[in-house]
Amino acid sequence: MTSAKRPIVTLTTDFGAGSPYVAAIKAAVLRQCPDAVLVDIAHTVPAFNLRAAAFMLWAGTRHFGPAVHLAVVDPGVGTERRALAVQLGESYFVAPDNGLLTMVLAESRPLVPTSVVLKRPEDASATFEGRDVFAPAAGALAAGHRLREMGEEAHGLARLRDSGPAVLWVDNFGNLVTSLRPPVMGVKVGPVTVARGVRTYGEARRGDLFFYTGSMGLVEIGVREGRADVLLQAGPGTAVAAV
Amino acid sequence: MTSAKRPIVTLTTDFGAGSPYVAAIKAAVLRQCPDAVLVDIAHTVPAFNLRAAAFMLWAGTRHFGPAVHLAVVDPGVGTERRALAVQLGESYFVAPDNGLLTMVLAESRPLVPTSVVLKRPEDASATFEGRDVFAPAAGALAAGHRLREMGEEAHGLARLRDSGPAVLWVDNFGNLVTSLRPPVMGVKVGPVTVARGVRTYGEARRGDLFFYTGSMGLVEIGVREGRADVLLQAGPGTAVAAV
Amino acid sequence: MTSAKRPIVTLTTDFGAGSPYVAAIKAAVLRQCPDAVLVDIAHTVPAFNLRAAAFMLWAGTRHFGPAVHLAVVDPGVGTERRALAVQLGESYFVAPDNGLLTMVLAESRPLVPTSVVLKRPEDASATFEGRDVFAPAAGALAAGHRLREMGEEAHGLARLRDSGPAVLWVDNFGNLVTSLRPPVMGVKVGPVTVARGVRTYGEARRGDLFFYTGSMGLVEIGVREGRADVLLQAGPGTAVAAV
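Thresholds applied
Residue numbering note: each chain is counted from 1, following its sequence as written. Chain A is the first chain written and ligand 1 is the first ligand written, with later ones labelled in order. Totals for whole chains, interfaces and linings use every residue, but because this is a predicted model, local features are given only for residues with pLDDT of at least 70 and side-chain atom pairs only at 80 or more, for both listing and counting. Think of the side-chain values as coming from all heavy atoms in the structure, minus any hydrogens and water. Aromatic pairs are defined between Phe, Tyr and Trp rings, using the six-membered ring for Trp, whenever the two ring centres lie within 6.5 Å; interplanar angles under 30 degrees are classed as stacked, those over 60 as edge-to-face, and all others as tilted. Throughout this description, buried means an accessible area under 20% of the type-specific maximum (1.4 Å probe, protein chains only), exposed means over 50%, and partly exposed covers the range between. Should any heavy atoms of two residues lie within 4.5 Å, those residues are considered in contact. A 1.4 Å probe defines the accessible area here, and the buried area is the portion of it lost by two parts on being joined, summed over both. Any carboxyl oxygen of Asp or Glu within 4 Å of a side-chain nitrogen of Lys or Arg constitutes a salt bridge here. In the analysis that follows, any N or O atom pair within 3.5 Å is treated as a polar contact, provided that within protein one partner can donate a hydrogen and the other can accept it, and provided that, for residues neighboring in sequence, both atoms belong to side chains. Segments assigned H or I by DSSP are reported as helices when at least four residues long, segments assigned E as strands when at least two residues long, and all are numbered from the N terminus. Under the convention used throughout, the expected extent of a helix is 1.5 Å for every residue step, that is, one less than its residue count. At least two bridges found by DSSP between two strands is the condition for calling them paired.

Chemist: If you had to explain the packing of aromatic side chains to someone new, which residues and values would you point to?
Modeler: All chains considered together, the criterion is met by 30 aromatic pairs over all chains. Their ring planes at 55° and their centres at 6.3 Å tell us that Y201(B) and F210(B) sit as a pair that is tilted. For the pair formed by Y201(B) and F210(B), the shared burial category is buried. Between F210(B) and Y212(B), the aromatic rings sit 5.7 Å apart at their centres with planes inclined by 50°, giving tilted as the arrangement. Comparing F210(B) with Y212(B) shows no difference in burial state: the two are buried. One aromatic cluster is present, formed by F15(A), Y21(A), F128(A), F55(C), W58(C) and W169(C) through successive ring pairs.

Next up, the structure:
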């Protein structure tokens, strides 16, 4: 990050909107790197939901150029799980070793990650490592510190179990973002098969149910001027199948 | 924007709080203009609600000095509606041509807008023009590109139909912001006539219902230590009349 | 703030997420200080709730280095309550004189505050002093103006009445942050006495109810993989007692 004048640090947590915990990690980043440009990805990830967080971290960070991505969704805080900093190309991810990076790592292939187990500051609390371990490390990387200075090399990063094709996320318009890759001939969601594929919403008529390749490169399901999540009674985790 | 050291780019969308779509458009702006100061106006505009969005865009941006205002509330994405960049004085608005700019244009008179239809990047997706068309254009304007480079001149911008005096927005305290201009002698809301006018909340007593000139220069209706929206069963779109 | 290249201005309000009022105060700060780094603490403080706001302001700002902290939760706007700017060490707080600073002042001892009553700009509105009085003052302090230039010295700042030990806040995970200081032998919440103390969540088993010293240095009550607020039917204001 040394060449960038104003390094970008993104934040993804399950702390909730308007939480003083978010303010605390921003303060900790800015103390290490006053020039950081902070960009909130989301703080509304459902509490302790690693699968939702892994999706959000990937989807929210994939369009940035070189940046430091701080992610704190950490049901295991205060246990022995490792604290990681991971380099992928010109970007860094700082997160607990609990599977949060699953989608980022899968989607970044063939990039090979370099990882370290973060040294724990002596005065770090046992209850808020986001503030005391992860945010200072993200700030230090943004300020130009080298990954190798920050801890011992890490091997065997944790990954979430692959639970098969499913809805990953529902957007604000009720569209279902699935884990399926195009091309598909149709998508089965519960008892319903969505058989019609379109290239854009504009091809469909009001009330039509259809699938399409969404902006993340994944198969999505939508209803023109309606909500697919309501129509199909589907949400994050709902199993889907390509037909 | 060339003279400003750190150009301001504001964002108004209906993507929802904590959406990766918001992160995507911020990344796209920062790629074009790493120095941009990003200011969120709102991402909680009700989905596809152009009237609410037109109000929010005007109300949220009116106090900024020179800035680029990016607004993406776009029920017509993937159809033939035009993508616009509009210059008003020293500021720019980048938005779909669907009426989003109605209040901004009405309130900026006698300023004359200069508008272009944005060229569409060849690799732009059909489903997320916010990321692929609007945000890069906003970033380019913030970085000092000239409006005329960005597309052909546009004529006949879309406006929302005037549906008569109404509640435009309800604030977090239950106050009704109406489209009425002062002075009025009273305001009719459904069967109730609000006859008492005050200059400040401090003139009223607990539970009093009154009208006043609000901070946007419009007639508002409030209840001291209470909620006018609840008392009057009113919300955005409720018709009002000056008496 | 003169030595800092990019002064930090934090914002704490009850305007609600995605309110144009938040945009208005940011615009007012940036007009006075274009270099300001704006950090949202929270805009979701319950409307007019000074006790919740006083907690949020303290909890959200305590980890920052030198900064200007703007807080607008102002049930008395338009009345005779004073508008304040208060210096505490190298930081400033700009807020109405209604008790908002109670926790900040209590927790900053033995620092002695220096305070002024803000001069009121002649064209300030009677309904939105956040935009017209407080934000311009915060921006001016961030831009390097001196406190003494901004008004007459203030004495006798308002404080909230001490209502005894209570739950101050419930975090996104259902943990109860109390006003109690460690060490305690246990905590009484309604009819329940939480007798088990732990150092970290990792020491507890699923479903266990326990107390611990939280990240703010206060006694907190949690349930491993559960919600203490739901289990104990407790929330902000619920009385607690050390046992």
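Chemist: So what's going on with the interface of chain A and chain C? Residues and values would help.
Modeler: Between chain A and chain C, the residue contacts involve 28 residues of the former and 30 residues of the latter. Looking at the side of chain A facing chain C, the largest losses of area belong to P20(A), Y21(A) and T127(A), adding up to 25% of the total buried there. The tally of links between chain A and chain C comes to zero salt bridges. Counting every contact that joins chain A to chain C gives eight residue pairs in polar contact (both at pLDDT 80 or more).

Chemist: Account for helix α1 (residues 20-32) of chain B, with residues named and values stated.
Modeler: Residue and element names in this part refer to chain B. Helix length check: α1 (13 residues) gives 19 Å between terminal C-alpha atoms against 18 Å at 1.5 Å per residue, within 8%. Extensive coverage of α1 is indicated by the burial of eleven of its 13 residues. Restricting attention to buried positions, one finds in α1 the residues P20, Y21, V22, A23, A24, I25, K26, A27, A28, V29 and L30. Where α1 begins, the capping side chain belongs to S19, and its oxygen is found 3.0 Å from the backbone nitrogen of Y21.

Chemist: Before we move on, can you summarise the pairing of strand β8 (residues 167-170) of chain A with the specific residues and values?
Modeler: Regular strands show a simple pattern: their side chains alternate between the two faces of the sheet. One ladder, built from three bridges, connects β8(A) with strand β9 (residues 176-178) of chain A; its direction is antiparallel. What sits directly across from W169(A), in β9(A), is V177(A).

Chemist: Pulling in residues and values, what's your account of the side chain of S125(B)?
Modeler: Residues and elements named next belong to chain B. By secondary structure assignment, the location of S125 is in the loop between β6 (114-118) and α4 (129-142). Among the polar contacts made by the side chain of S125, one reaches the main-chain amide nitrogen of T127 at a distance of 3.5 Å. If near-sequence neighbours (up to four positions away) are discounted, S125 is found in contact with R120, R131 and D132.

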